[in-house]
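Fold and geometry: a report
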Amino acid sequence: MPPVTHASYDAVIVGGGHNGLVAAAYLARAGRRVLLLERLPATGGAAVSTRAFTGVDARLSRYSYLVSLLPRKIVDDLGLRFAVRRRRISSYSPRGDGGLLVDAEDAGRTREQFIRLTGSDRDFAAWQRFYGMTRRVAERVFPTLTGQLPTRAELERLIDDPAAWEALFERPIGETVEREFGDDLVRGVVLTDALIGTFSHAHDPSLRQNRCFLYHVIGGGTGDWDVPVGGMGALTDALADAARAAGAEIVTGAEVTSIATDGVRAEVGYGEDGRTVGARHVLVNAAPYVLAGLLGQRPPPRPEGAQLKVNMLLRRLPRLRDASVDPREAFGGTFHIGESYRELQTAYEQAAAGRLPDAPPSEIYCHSLTDPSILSPELAASGTHTLTLFGLHTPARLFEQDPAGAKEALLAATLARLDAVLAEPIADCLATDADGRPCLEAKSPLDLEREVGLPGGHIFHRDLSWPYATDGTGTTDATDGADGTGTTGGTGPAAPDVTRATGRWGVGTGYANVYLCGAGAVRGGGVSGVPGHNAAMAVLEKE
Ligand SMILES: Cc1cc2nc3c(=O)[nH]c(=O)nc-3n(C[C@H](O)[C@H](O)[C@H](O)COP(=O)(O)OP(=O)(O)OC[C@H]3O[C@@H](n4cnc5c(N)ncnc54)[C@H](O)[C@@H]3O)c2cc1C
């Protein structure tokens, strides 16, 4: 290994997304010398707040926007000044001149909504049963995320509900959805949690849709998705403050370009002038796909994201075709557009066949209704609101040939589908920036790859994994970073497959002192801090 030309640290962290910051804070608080290197000019990764529109004082959560999976334990351990706010309306889904409003605090009202939509309370009863089941699973599974990985059998025993296990872990979720719910729109609303950030369908035999569903219903032990007060940037700023206060050094504008390790010491190359730094441990917040490149491995298959993200600022909330619902309630929860079960399937089939969906499904939510603190007092007083749209089923491959043209066509189709449920075009409600341009920005998977470094624009760095030990993980197989087989630059055994996380904590890479501390770890994905916490625990446990 070439000599270390600069300082040496107990841990170098590659990437300052929220997970890298969590790892930095835990390790620095445990007295380790920590250096965090972030490629971009600021930390936060996909969890940031930005003034996206020229001259407009609105700090939007530009990419991720709701919090569910962040354990209270991490907030408390790190002493973060960060709060979330519950949304009273969990969702609104329009159909024709009516729709379905789910009021989390008023079961009687929600039951009336189901009767209005479907003509009976059968699907309401199924809804109560189904989400009662997911809640019991959540209570049991969520606390395991910040411990060593359970085996599959241990998790099954812990859940202690054979029907729930079968529905969530064994059979494609579409089977349960079709058995339990009769109405096409109700089925679609349930299914969306299986498809956010995951290009899949109800009956996908890989069950990647079930894994996605699981992570969407276990957060906090309740499955609630809450509004981060001050926006996502408030969380990542608090994390960066906690890491710095504990003594971690954070350097931004520092892209890591190489990692070499003999399993005991590592050398990390970064920056345009080819600096190097030595480290006992390297924790990688970048995606496993990026890590393979940093280690000089042959590129593995590139992950692929499949979503459109649109950020808007509105002068006023639009009126709805469904005049019975107040737009402040409809947009206060998750507002489903074109997400009936059949529409989701059609969009999937069109995208899988290589074309943009005719009626792209999406969901919308308004942050400023629940937390106006992201707006200047003047904007808040004027009735201005933020609107975030997350579109489904538009894989990166659809943008490769003509990135700008495909994005423009998709945006037009998505807004047309939205307009179909409004009583006035969304364009008429858009605010304008200081240059007179409409306040609207759209991000394709390729934009996310370029801007945030998400390979293929995959929002979870790769498809989500089951929250239990599988081959290469868990107590009976390799342990995190301790198998010691992996060295770089040598003539030893074949290079470990770093795209498969290993070890007791699900953060190992096959290289003894290189760990995943980001969304690509087992139990990664989403704004959770869980892989950052778990990688830090793996390091501390090893010493
Ligand atoms: C549009 C969108 C909407 C989403 N919505 C939600 C949501 O509402 N709720 C939710 O829970 N999740 C959501 N997600 C998912 C969630 O944001 C991510 O899964 C999560 O932020 C991943 O965090 P991370 O810290 O592991 O990685 P990232 O946030 O990806 O951070 C990785 C960091 O590493 C840096 N980096 C990469 N390569 C290098 C290198 N070579 N050298 C130095 N630095 C490097 C990157 O610049 C980045 O800062 C969304 C994601 C997207 C994109």
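What you see is a predicted model; the values in this text were computed from it and never measured.

Quick notes on the rules
Residues numbered from 1 in each chain as written. Predicted model: local features only at pLDDT ≥ 70, side-chain atom pairs only at ≥ 80, totals over all residues. Heavy atoms only, no water. Core = buried A, V, L, I, M, F, W, Y, C linked by side-chain atoms within 4.5 Å. Buried < 20%, exposed > 50% of the residue type's maximum accessible area, 1.4 Å probe, protein only. Helix = DSSP H or I, 4+ residues; strand = E, 2+ residues; numbered from the N terminus. Contact = heavy atoms within 4.5 Å. Near = heavy atom within 4 Å. Polar contact = N/O pair within 3.5 Å; in protein donor to acceptor, adjacent residues only side chain to side chain. Areas by Shrake-Rupley, 256 points an atom, 1.4 Å probe, with all protein chains shown as cover. Nonpolar A, V, L, I, M, F, W, Y, C, P; charged D, E, K, R; others polar. Domains from an automatic or database assignment. Buried area = accessible area lost by both parts, 1.4 Å probe. Salt bridge = Lys/Arg side-chain N within 4 Å of Asp/Glu carboxyl O. Pairing = 2+ DSSP bridges. Axes fitted to C-alpha atoms, helices over the stretch in contact; angles between N-to-C directions. Phe/Tyr/Trp six-rings, centres within 6.5 Å; stacked < 30°, edge-to-face > 60°. Lys NZ or Arg CZ within 6 Å of the ring centre and 35° of its normal.

1. Considering the nonpolar core
- With 67 residues, the main nonpolar core has L80, I259, V282 and L283 as its most contacted residues.
- The element best represented in this core is helix α1 (residues 18-29), accounting for 8 residues.
- Apart from residues lying up to four places away in sequence, V282 is in contact with V12, V14, I259, A266, V268, N513, V514 and Y515.
- Listed in part, the 50 residues of the second largest apolar core include W127, V141, L155 and A194.

2. Considering the site of the ligand
- As a structural note, the neighbourhood of the ligand is formed by 34 residues, with E38, L66, I459, A519 and V527 the closest of them.
- Separating an oxygen atom of the ligand from a side-chain N or O atom of N285 is a distance of 3.1 Å.
- Starting from 1,000 Å² of accessible surface for the ligand in isolation, the protein chains cover 97%.
- Secondary-structure elements contributing two or more residues to the shell around the ligand are α1 and α17 (445-452).
- When the residues that make up the shell around the ligand are grouped by side-chain class, the tally is 19 nonpolar, 11 polar and 4 charged.
- If you count residues domain by domain, the shell around the ligand takes at least three from each of domain 1 (8-48 + 231-300 + 458-542) and domain 2 (85-227 + 304-451).

3. Concerning the domain arrangement of the chain
- Splitting the chain by domain gives domain 1 (8-48 + 231-300 + 458-542) and domain 2 (85-227 + 304-451).
- Using only C-alpha atoms to locate each centre, domain 1 and domain 2 end up separated by 30 Å.
- Contacts between the two partners involve 27 residues from domain 1, matched on the other side by 35 residues from domain 2.
- Note on domain 1 versus domain 2: buried area summed over both sides is about 2,400 Å², and carbon and sulfur give 62% of it.
- For the pair domain 1 and domain 2, the interface holds 1 salt bridge.
- With its nearest N and O atoms 2.8 Å apart, the salt bridge here joins R208 to D463.
- For the pair domain 1 and domain 2, the number of links is 12 residue pairs in polar contact (both at pLDDT 80 or more).

4. Regarding the sheet that holds strand β17 (residues 440-443)
- A sheet is described by the order of its strands in space; here 7 strands give the open sequence β7-β6-β14-β15-β16-β13-β17, paired in mixed fashion. Strand pairing shows two members of the sheet lacking a second neighbour, β7 (98-103) and β17, which therefore form its edges. Averaged over all pairs of adjacent strands, the angle between their axes in this sheet comes to 15 degrees, without regard to strand direction.
- Both strand β6 (residues 89-95) and strand β14 (residues 334-337) contribute to a ladder of 2 bridges, which runs parallel. Each bridged residue has a counterpart across the sheet, and for Y92 the counterpart in β14 is F335.

5. Points about the packing of aromatic side chains
- Counting across every chain of the model gives 17 aromatic pairs.
- Geometrically, the ring pair formed by F130 and F213 is tilted, given 5.9 Å between the ring centres and 50 degrees between the ring planes. With F130 in helix α4 (residues 122-141) and F213 in helix α9 (residues 208-217), this pair connects stretches of sequence that are 83 residues apart.
- Taking relative accessible area as the criterion, F130 reaches 3% and is therefore assigned buried.
- In textbook terms, an aromatic cluster arises when at least three aromatic residues are bridged by ring pairs, as seen for F114, F124, W127, F130, Y131, F181 and F213.
- Just above the ring of Y341 sits the side chain of R187; from NZ or CZ to the centre is 5.8 Å.

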